[in-house]
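# Commentary on secondary and tertiary structure
This is what each chain is made of:
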Amino acid sequence: MGHQDIKFYQTGTFTVGNRLLPPEQRSVQADMERTNSLNSGHRACQGCGEALGARYAIDAAMRATGNRLVAVNATGCLEVFSTPYPETSWQIPWIHSLFGNAAAVATGVAAANKVKARKAGLALPETRVIAQGGDGGTTDIGFGCLSGMFERNDDVLYICYDNQAYMNTGVQRSSATPPAARTATTMPVGDEPGNEWGQGKNVPLIAMAHGIPYVATASVSDLRDLEYKVTKAMNMRGARYIHIFVPCPLGWGSASQDTIKLARLAKETGLFPVFEAEYGEVTNVSKIRQKQPVEAYLRLQRRFAHLFGKKPRLDVVARFQEMADQNIRKFGLLGSDRAAVGFPGSEHK
Amino acid sequence: MLKQCEGSHAVAEAVALARPEVICAYPISPQTHIVEGLGEMVKAGEIQDCEYINVESEFAAMSVAIGSSATGARTYTATASQGLLFMVEAVYNASGLGLPIVMTVANRALGAPINIWNDHSDSMSQRDCGWIQLFAENNQEAADLHIQAFKIAEELSLPVMVCMDGFILTHAYERVDMPTQEQVDAFLPPYVPRQVLDPRDPVSIGAMVGPEAYTEVRYLAHAKQMQALELIPKVSREFKEIFGRDSGGLVRPYLLEDADTVVIALGSVLGTIKDTIDEMRADGISIGVLGINSFRPFPVSAIRRALSHAKRIVVLEKSFAVGIGGIVATDVRMAMDGLDQRIYTVVAGLGGRNITRASLHRVLRMAMHDQLEGLHFMDLEWNIVNRELDRERQTRRSGPIAENILRDLGQTKSNVG
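Residues numbered from 1 in each chain as written. Chains lettered and ligands numbered in written order. Predicted model: local features only at pLDDT ≥ 70, side-chain atom pairs only at ≥ 80, totals over all residues.

### Brief notes about the overall build of chain A
Using the following cut-off: Put simply, DSSP marks the helices as runs of H or I at least four residues long and the strands as runs of E at least two long, and each gets a number from the N terminus on. As a reference, a globule follows 2.2 Å times the number of residues to the power 0.38, and the radius of gyration itself is taken over C-alpha atoms. For the exposure call, what matters is how many other C-beta atoms sit within 10 Å of a residue's own: 20 or more marks it buried, 12 or fewer exposed, and in between partly exposed, using C-beta atoms placed from the backbone.
The secondary structure content of chain A amounts to 11 helices and 8 strands. For 349 residues, the compact-globule formula gives about 20 Å, and the C-alpha radius of gyration of chain A, at 20 Å, lands near that figure. The principal-axis extent of the C-alpha atoms belonging to chain A is close to 70 × 45 × 40 Å. By the burial criterion, 54% of the 349 residues in chain A qualify as buried.

Given below as structure tokens:
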């Protein structure tokens, strides 16, 4: 389905009731046939963005593969809250091996499926594989295996649920933690409170640099777009990467009912660009609908509370604003702008 | 069919005959020739229905192996030394998950100082990792053990490490009787996994287990290795029925029956020891050898049975536990507990130092006269060691130890090759 074709008639909201859509455009989750691959009863916190993202992603992948899907999970919140034995929320074949090897284990699953398919006389394996992990398992400890999987163009969709820190171990900084953010290892003390100001590690762009068939970012604030991207990815072969923005009420110090709101603000400020890329070139950008100042996003999270305390750090807020504006320019997130020249691949669009 | 070939080549051919479905390869000396050979065979179509994956690290090699084995594919990889250490987290994971992966360890020393030559420090560092560890005495056995390893691994759903001495075996050209495909097919049935990632019957593998069941899970890992104590000799007998030769098993005695002194060792050094023993026997000395083929599981009963009559035991090992002494010797002491025997530990052959018959004669004769200290480092240059200890007492910034020692030896470069 062409996801851009949907018209959102309900003003002031991004949600649109499925009853307003033709059946073929309704979400996978709205379907009675949905597989509930990550079933209810798990131990995720109230308002967990990762649980929501995983539920939508895996069910969409299940539909796209005719329910022939294996999931490989890195150590992390998603692994822990879904599966202490003998309970499991997973209704699909699922394996957890280690923190840093999900991409490589998935390569092994894909290789085995390829051999099995060949022995059965099939040109391509019917059973597909997804690897998934949090930002720590993806951008830090699992990065070597992830890059290897990309470089070999193994038939794996890797999904990173990015909540911007090591939440499972008690909110420590990862290379996906934004500058100035308070974590347990970047406390808001001293002259420059919170995380150091740096580039961080932008894994979607690094994934694109591998020239793999598909890279996308997505957000739990736009679940239909997330389903679309997972479906599209599963209809392709080779190495694919989807980076999903998933707010964490516990780690961010945000209200659990604000998860979707925060995810939407991350996109609407420009702090989290939502886009698609194929073979290293940006092919589609989700435009900002109503540009928001970064302060609206930052103020909802206690991890940034020290920026708005007795001695407000408006200079730091201004740096965030510049970061967002740079993303807007770089990705062409506003109006009919094209991506700025110089962004990898964008000059060809 | 008799062939004159390199040990690595023999192993590659043996692995190929086992019809592997996934092979993960990452280069590290002295294992390289094995995976190079396999890569060529897969690409040339000599191994069919097999995925050969060039991974980016040993950690990835074992991780890919975990994924493919859990998906029901017969899986092989090879490593050595630093590579084995780099994959350790996944090595423990593979055995914990009960995945019958077969891996060659081309035994090599561990750094620092970096050293590519043979000893057993690498696989000994993994003695508690839950894998079965089989040691090959020569290239024939190295080839044969790989065929047996798949059968043992898959029957028990446990991974197996086949340890062969780096360079001494991997790079040595020897006569090897290569099995035929028909023989191997008759010996090794197709892999039927105990657990598999299959959408038709979804299971969760590798979830968290708390204190209420962890001990039982760990005990079962031990129980499986105890089962292996029966399975390994059984597989060795089945192997003999089809291939007509002795290979594998738990232990291998040589001139043991009436021996007062018994040497215990693992791997290729057994050949040199047997030659030395022959010479000592000719001099009328009552001495024999027990080779340990299976280091994990450790064949406590078989060793106790074989050595109960011995007056003294000399454990010659190419590794040691810094701060205490012998690794193999500690296990042997446990096997011989309560018997009135002297047990000596001789550490030899570290980092590729030659173990010569002359040195063996000297050390074994000292042992026979009970003149050997409990922990003996064969051919250790005491004056060099003492000079370095002295230097460290006198100078705070005494510099890199290995460089100092080579300067004291008067050598401008390591004695390579």
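There is more to say, and it comes next.
### Side note on the overall build of chain B
Regarding its fold elements, chain B presents 15 helices and 16 strands. The C-alpha atoms of chain B give a radius of gyration of 22 Å, which matches the 22 Å a tight globule of 417 residues would have. Along the first, second and third principal axes, the C-alpha set of chain B runs to 70 × 55 × 55 Å. Taking all 417 residues of chain B together, the buried fraction comes to 50%.

### Things to note about the nonpolar core
Side chains of a nonpolar character, in soluble globular proteins, are inclined to be buried together. Under the convention used in this document: For this analysis, nonpolar core means a set of buried Ala, Val, Leu, Ile, Met, Phe, Trp, Tyr and Cys residues linked through C-beta atoms within 7 Å. Domain borders in the structure are assigned automatically or taken from a domain database.
In this structure, A:Ala106, A:Ile244, B:Val160, B:Val162, B:Ile264 and B:Val315 are the most contacted members of the largest nonpolar core, which totals 227 residues. Both domains that furnish three or more residues to this core are identified here as domain 1 (2-243) and domain 2 (252-377) of chain B.

### Brief notes about the packing of helix 1 (residues 7-17) of chain B against helix 7 (residues 139-156) of chain B
Residues and elements named next belong to chain B. Just so we agree on the cut-off: In this analysis an axis means a line fitted to C-alpha atoms, helices contributing only their contacting stretch, and an angle means the value between N-to-C directions, from 0 to 180 degrees. Orientation categories follow fixed angle ranges, with anything under 35 degrees roughly parallel, anything over 145 roughly antiparallel, 65 to 115 roughly perpendicular, and all other angles oblique. Should the near helix be turned anticlockwise from the far one by less than a right angle, the crossing is left-handed, and should it be turned clockwise, the crossing is right-handed. A residue pair is marked as a contact if its C-beta atoms, positioned from the backbone, fall within 7 Å. Asp, Glu, Lys and Arg are counted as charged, while Ala, Val, Leu, Ile, Met, Phe, Trp, Tyr, Cys and Pro are counted as nonpolar; the rest, among them Gly, fall into the polar class.
Running from N to C, helix 1 and helix 7 point in directions that differ by 20°, and their axes come no closer than 8 Å. Viewed along their axes, helix 1 and helix 7 adopt a mutual orientation that is roughly parallel. For the pair helix 1 and helix 7, the sense of crossing is right-handed. On helix 7, the residues touching Gly 7, Ala 10, Val 11, Ala 14, Val 15 and Leu 17 of helix 1 are Asn 139, Ala 142, Ala 143, His 146 and Ile 147. Looking at the contact of helix 1 with helix 7 residue by residue, the class counts come to 8 nonpolar, 3 polar and no charged.

### Quick word on the sheet that holds strand 15 (residues 342-347) of chain B
Residue and element names in this part refer to chain B. Cut-off, in case you're wondering: Note: two strands are recorded as paired if DSSP finds a minimum of 2 bridges between them.
Taken together, the 6 strands give an open sheet; going across it, the order is 10-12-11-14-15-16, and neighbouring strands pair in mixed fashion. Only two strands of the sheet have a single partner each, and these edge strands are strand 10 (251-254) and strand 16 (375-377). Each adjacent strand pair in this sheet contributes to an overall mean axis angle of 20°, direction not counted. Pairing between strand 10 and strand 12 (residues 287-292): 4 bridges, direction antiparallel. Looking across to strand 12, one finds that Arg 252 is bridged to Gly 291.

### Focus on the domain arrangement of chain B
Per the domain assignment, the segments making up chain B are domain 1 (2-243), domain 2 (252-377) and domain 3 (387-417). If you average the C-alpha positions of domain 1 of chain B and of domain 3 of chain B, the two centres end up 39 Å apart.

### Some thoughts on the interface of chain B and chain A
Where interface size is given, it is often the accessible area lost as the parts come together that is meant. Counting from both sides, the interface comprises 36 residues of chain B and, opposite them, 37 residues of chain A. Looking at the side of chain B that touches chain A, the elements with two or more residues in it are strand 3 (51-54), helix 3 (58-70), helix 5 (88-96) and strand 9 (204-205) of chain B. It is helix 3 of chain B that contributes the most residues to the side of chain B that touches chain A, 9 residues altogether. The residue makeup of the side of chain B that touches chain A, split by class, is 20 nonpolar, 10 polar and 6 charged. Across 2 bridges, strand 2 (residues 94-96) of chain A lies against strand 9 of chain B in parallel orientation. Directly across from A:Ile95, in strand 9 of chain B, lies its bridge partner B:Ile205.

### So, the pairing of strand 11 (residues 261-265) of chain B
All names here are of chain B. What counts is decided by this rule: The crossover handedness rule: strands pointing away from the viewer, path from first strand over the helix to second strand clockwise, crossover right-handed.
Within strand 11, 5 of the 5 residues are buried, which leaves the element mostly enclosed by the surrounding structure. Side-chain alternation along strand 11 places Thr 261, Val 263 and Ala 265 on one buried face and Val 262 and Ile 264 on a second face that is also buried. On the question of chirality, the crossover connecting strand 11 to the parallel strand 12 by way of helix 10 (residues 269-282) is right-handed. Bridging between strand 11 and strand 14 (residues 312-317) involves 4 bridges; their strand directions are parallel. Within strand 14, the residue paired with Thr 261 across the bridge is Arg 312.

### Notes on the pairing of strand 3 of chain B
Successive residues of a regular strand alternate their side chains across the two faces of the sheet. Side chains B:Glu51 and B:Ile53 of strand 3 of chain B all project onto a buried face; the interleaved residues B:Tyr52 and B:Asn54 project onto a face where none is buried. Crossover strand 2 (residues 22-25) of chain B to strand 3 of chain B through helix 2 (residues 32-43) of chain B is right-handed.

### Notes on unusual backbone geometry
What is expected of a backbone is that most residues other than glycine have negative phi and most peptide bonds are trans. In the segment running from B:Ala112 into B:Pro113, the intervening peptide bond is cis, with an omega of -5°. Positionally, B:Pro113 belongs in the loop between strand 5 (102-107) and helix 6 (121-124). At the junction of B:Arg296 and B:Pro297, the peptide bond is cis and its omega measures out at 0° in the coordinates. Its identity is not glycine, yet A:Gln164 carries a phi of approximately 70°, on the positive side. Its place among the elements puts A:Gln164 in the loop between strand 4 (157-162) and helix 6 (203-209).

### Some details on the sheet that holds strand 5 (residues 214-219) of chain A
Backbone hydrogen bonds hold the strands of a sheet together, and the pairing may be parallel or antiparallel. The sheet built from 9 strands is open, its strands ordered 8(A)-7(A)-5(A)-6(A)-4(A)-3(A)-1(A)-2(A)-9(B) with mixed pairing. Where the open sheet ends on each side, the last strands, each with one partner, are strand 8 (281-285) of chain A together with strand 9 of chain B. Bridging between strand 1 (residues 69-73) of chain A and strand 2 of chain A involves 3 bridges; their strand directions are parallel. Its bridge partner being in strand 2 of chain A, A:Val72 is matched across the sheet by A:Ile95.

### Some points on the confidence of the model for chain B
Selection rule: As a per-residue quantity, pLDDT reports the predictor's confidence and falls between 0 and 100.
Chain-level statistics for chain B give a pLDDT mean of 96 and a share of 99% at 70 or above. Across the interface, the model reports ipTM at 0.96; the global pTM reads 0.95.

### Topic: the environment of B:Pro27
Residue and element names in this part refer to chain B. Positionally, Pro 27 belongs in the loop between strand 2 and helix 2. The sequence separation of Pro 27 and Leu 231 amounts to 204 residues, and the corresponding C-alpha distance is 32 Å. Setting aside residues up to four positions removed in sequence, Pro 27 forms contacts with Thr 32 and Val 35.

### Examining the environment of A:Ser37
All names here are of chain A. If you trace the backbone, Ser 37 turns up in the segment before helix 1 (49-64). Between the alpha carbons of Ser 37 and Lys 261 there is a distance of 25 Å; along the sequence they are 224 residues apart. The contacts of Ser 37, once residues within four sequence positions are left out, are Ile 58, Asp 59, Met 62, Trp 90, Gln 91 and Ile 92.

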